[in-house]
2 protein chains.
Amino acid sequence: MTLNLANNMQSAVEKELQSQIGRLNEPNTNEFYEMMTYHMGWSGEGLGENTSGKRIRPLLLLLCSASGNPDYAWQNALPGAAAIELVHNFSLIHDDIQDHSDKRRNRPTVWRKWGVPQAINAGDGLYALSNLVLLDLLRNNQAEIVMRAALIFHNTCLNLTRGQYMDMSYESRTNLALKEYWPMIANKTAALISASTEIGAILTGLNKQSSEVYRQFGHYLGLAYQIKDDILGIWGNEIQTGKSVISDLITGKKTLPVLYGIHKKGIFSRRWYEGNIMVDEAPEIADQLAKEGARLYAEETTDQMVEMALKFLNIMAPQGSAGEILFDLTFQLLKRDA
Amino acid sequence: MTLNLANNMQSAVEKELQSQIGRLNEPNTNEFYEMMTYHMGWSGEGLGENTSGKRIRPLLLLLCSASGNPDYAWQNALPGAAAIELVHNFSLIHDDIQDHSDKRRNRPTVWRKWGVPQAINAGDGLYALSNLVLLDLLRNNQAEIVMRAALIFHNTCLNLTRGQYMDMSYESRTNLALKEYWPMIANKTAALISASTEIGAILTGLNKQSSEVYRQFGHYLGLAYQIKDDILGIWGNEIQTGKSVISDLITGKKTLPVLYGIHKKGIFSRRWYEGNIMVDEAPEIADQLAKEGARLYAEETTDQMVEMALKFLNIMAPQGSAGEILFDLTFQLLKRDA
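With that out of the way, let us pick up the overall build of chain A. Each helix and strand in chain A was counted, giving 16 helices and two strands. Relative to a compact globule of 338 residues, whose C-alpha radius of gyration would be 20 Å, chain A shows 20 Å and is just as compact. For chain A, the spread of C-alpha atoms along the three principal axes comes to 60 × 50 × 35 Å. The 338 residues of chain A split such that 61% are buried. Long-range pairs, those at least 24 residues apart, make up 72% of the contacts in chain A with a sequence separation of at least 6. Element-wise, carbon and sulfur atoms account for 50% of the exposed surface of chain A, whose accessible area totals about 13,400 Å². Placing the 32 positive and 38 negative side-chain charges of chain A at their respective mean positions leaves the two points 3 Å apart.

Here the focus is the packing of aromatic side chains. Evaluation of the coordinates by the stated rule reveals 15 aromatic pairs over all chains. When the ring of Tyr165(A) is compared with that of Phe32(B), the centres are 5.5 Å apart and the planes differ by 10°; the resulting orientation is stacked. Residue Tyr165(A) is located in helix α7 (residues 143–171), and its partner Phe32(B) is located in helix α2 (residues 30–40); the two belong to separate chains. Under the relative-accessibility criterion, Tyr165(A) is labelled buried at 6%.

This brings us to the side chain of Asn141(B). Residues and elements named next belong to chain B. Looking at where Asn-141 falls in the secondary structure, it is placed in the loop between α6 (116–135) and α7 (143–170). A polar side-chain atom of Asn-141 sits 3.1 Å from the main-chain carbonyl oxygen of Asn-76. Discounting residues that sit within four places of it in the chain, Asn-141 has contacts with Tyr-72, Asn-76, Val-146 and Leu-203.

Taken as a whole, this structure holds 34 salt bridges over all chains when the rule is applied. Residue Arg271(A) is joined to Glu281(A) by a salt bridge in which the shortest nitrogen-to-oxygen separation is 2.7 Å. Here Glu281(A) lies in the loop between α13 (267–274) and α14 (282–291) and Arg271(A) lies in helix α13, a separation of 10 residues in the sequence. Between Glu14(B) and Arg55(B) there is a salt bridge, with its nearest N and O atoms 2.8 Å apart. Remark: Arg55(B) occurs in the loop between α2 and α3 (56–68) and Glu14(B) occurs in helix α1 (residues 2–21); sequence separation between them is 41 residues. Owing to a relative accessible area of 4%, Arg55(B) belongs among the buried residues under this scheme. Through salt bridges that share partners, Asp95(A), Asp99(A), Asp167(A), Glu171(A), Lys188(A) and Lys253(A) make up one connected network.

The interface of chain A with chain B comprises 40 residues on the first partner and 40 residues on the second. Between chain A and chain B, a total of about 3,700 Å² is buried, with carbon and sulfur atoms accounting for 69% of that surface. Across the chain A-chain B interface, the total number found is two salt bridges. Note that Arg162(B) is salt-bridged to Glu26(A), the shortest N-O span being 3.1 Å. Seen at the junction of chain A and chain B, the total is 14 residue pairs in polar contact (both at pLDDT 80 or more). Of all the elements, α7(A) adds the most residues to the side of chain A that touches chain B, at 14 residues. Taken together, the residues of the side of chain A that touches chain B sort by class into 22 nonpolar, 13 polar and five charged.

Moving on: the packing of helix α9 (residues 208–235) of chain B against helix α12 (residues 256–264) of chain B. In helix packing, the relevant descriptors are the interaxial angle and the interaxial distance, both defined with respect to the helix axes. All names here are of chain B. At a minimum axis distance of 8 Å, the contact between α9 and α12 shows a crossing angle of 75°. By the criterion of interaxial angle, the relationship of α9 to α12 is roughly perpendicular. When α9 is examined against α12, the residues Ile-227, Asp-230, Ile-234 and Trp-235 are found in contact with a partner set consisting of Leu-256, Pro-257 and Val-258. The residue inventory of the contact of α9 with α12, partitioned by class, reads six nonpolar, no polar and one charged.

This part is about the environment of Thr156(B). Residue and element names in this part refer to chain B. Among the secondary structure elements, Thr-156 is positioned in helix α7. Residue Thr-156 is classed as buried on the basis of its relative accessible area, which comes to 7%. For the pair Thr-156 and Ser-196, spaced 40 residues apart in sequence, the C-alpha to C-alpha distance is 10.0 Å. Ignoring sequence-local partners within four residues, the contact set of Thr-156 consists of Ala-191, Leu-192 and Ala-195.

Reading the values: the criteria
- Residues numbered from 1 in each chain as written.
- Chains lettered and ligands numbered in written order.
- Predicted model: local features only at pLDDT ≥ 70, side-chain atom pairs only at ≥ 80, totals over all residues.
- Heavy atoms only, no water.
- Helix = DSSP H or I, 4+ residues; strand = E, 2+ residues; numbered from the N terminus.
- Rg over C-alpha atoms; globule rule 2.2 N^0.38 Å.
- Buried < 20%, exposed > 50% of the residue type's maximum accessible area, 1.4 Å probe, protein only.
- Contact = heavy atoms within 4.5 Å.
- Areas by Shrake-Rupley, 256 points an atom, 1.4 Å probe, with all protein chains shown as cover.
- Lys, Arg positive; Asp, Glu negative; His and termini not counted.
- Charge placed at Lys NZ, Arg CZ, Asp CG, Glu CD.
- Phe/Tyr/Trp six-rings, centres within 6.5 Å; stacked < 30°, edge-to-face > 60°.
- Polar contact = N/O pair within 3.5 Å; in protein donor to acceptor, adjacent residues only side chain to side chain.
- Salt bridge = Lys/Arg side-chain N within 4 Å of Asp/Glu carboxyl O.
- Buried area = accessible area lost by both parts, 1.4 Å probe.
- Nonpolar A, V, L, I, M, F, W, Y, C, P; charged D, E, K, R; others polar.
- Axes fitted to C-alpha atoms, helices over the stretch in contact; angles between N-to-C directions.
- Parallel < 35°, antiparallel > 145°, perpendicular 65-115°, else oblique.

Right, dumping it as structure tokens:
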């Protein structure tokens, strides 16, 4: 029953996404459409189970809409769920260019296949589409409520670019305090996840005070999610993550474990300041970083964020199958190794 | 009186833009904010009269709102005008990366100063901001009308990416028909100009039938504008255009004069198919293209588009100073050499 609901939601999201992206399936823009269906994991070489992404954000939005008000049909929230997933994928396409990443979900990235100029435009196209899709909420939701959702949605997108700016600018900064990590990931990662949970709540008609609890739940869930991602980016497994192994050490990303290591001023920190880490030395440096306590620190911080998320989830007291899945997801997401 | 109105509108637009972009003037995102104010022509090296762009689109939107309904205060349309100008500037920042352009308005482009990754994000930021700014129309306009405007706005942005896709894909195509030029520039250029005139009309409360006439006016104005730009891109003057001279021949852009020359199958066409045109031979090839009639053809086509624009402008029968300026602009814009 519970699994059924999640499956129903996931396949409804996929159908909505396919129908919306189908707007570009026209004679003049066939290849443009192909870039998008490739990135979404529906077409092209190397298709497989893990090429589509997990669609966590739209699922969270629908679950929050299903559990917030038993009288609200979650199907009415589908355009909102699809819009959030489209924004997420727009940001991934641009991220991969910015990080010079060759692989995403075990396949060549869009810029690797079609070049940087077309990949920039494919990202822009998904973003433009997401804004249009959001307005489809007007079909089954009151205009006033859709306006509230749109305000959060567009604010969140602006925050995404703030976070992305910070992330990139941190790469060249040598005097970064550990606390500067938080505004960066709050904008870069947690913002879109908290927008998912908050918009889900708003669509069901919840007032500002109640929807704020949903936002906080998503915020802490997002922070935990990002720190977990930081851990996987250093100690993860290439096949599990679909990205290049230990790429975060090689690209010099200032993730939480790295910032912790830098501030420890030990062997890792000295090596870090000597310059770029090469592929063949990365496993040893990852071990050293773990020895200095960075992995444990990051894992404990993840747990703290999960506890905060659970605190707000308990206040939400989500009902029915959707509620069960939200609790499951909160734990399960954080045990993930991919 | 007439000039006063245009000046008042232009300075109100600039003030609105500065206040909106000011949202990013925060300790964490100072440099991000600086990228935007630099691109908008308000800060940084090489400041001058022509560093800000002409703000044609917001002016058109305000003029259409002022002339469409004498009871509507154009000041209420300012967030719409600013949103359109922000989208335009987002697309310019990404365009310059995609075209590998070094200069914009006589200054180094954003990617030249801050690198491609940050420039992609600065464009994304302006776009996200534009979506948020559009919602500020809710302050002084009915929600239902703002929704109509938003639908046009977001559809237009999606069309921009369609046009940009076509423009880039045409570069590598050797079998391009002359008629394929039109859907490309309709999306890439005319869409945002027709959105400006149509949204201006909609905000004043005009119905679908009347606002459609405004859309058509903007559509033909936009087509004329782009063909004029194509002419300047080959036979223009670097100081006037603020871009590199004859850059369109060197980059291989399939503009209207070039497509005309290719289909003439003369000396120009043979040289075109032999491969990249170099800087030192470009003036001679530009002369040859003019000799084969491409410049005259493009100029005559511009005139036809202006005539169509005037036809719809006459149906609109815009009133007062705003009306006078719209007629002036339609002619003046097309005599521009910059």
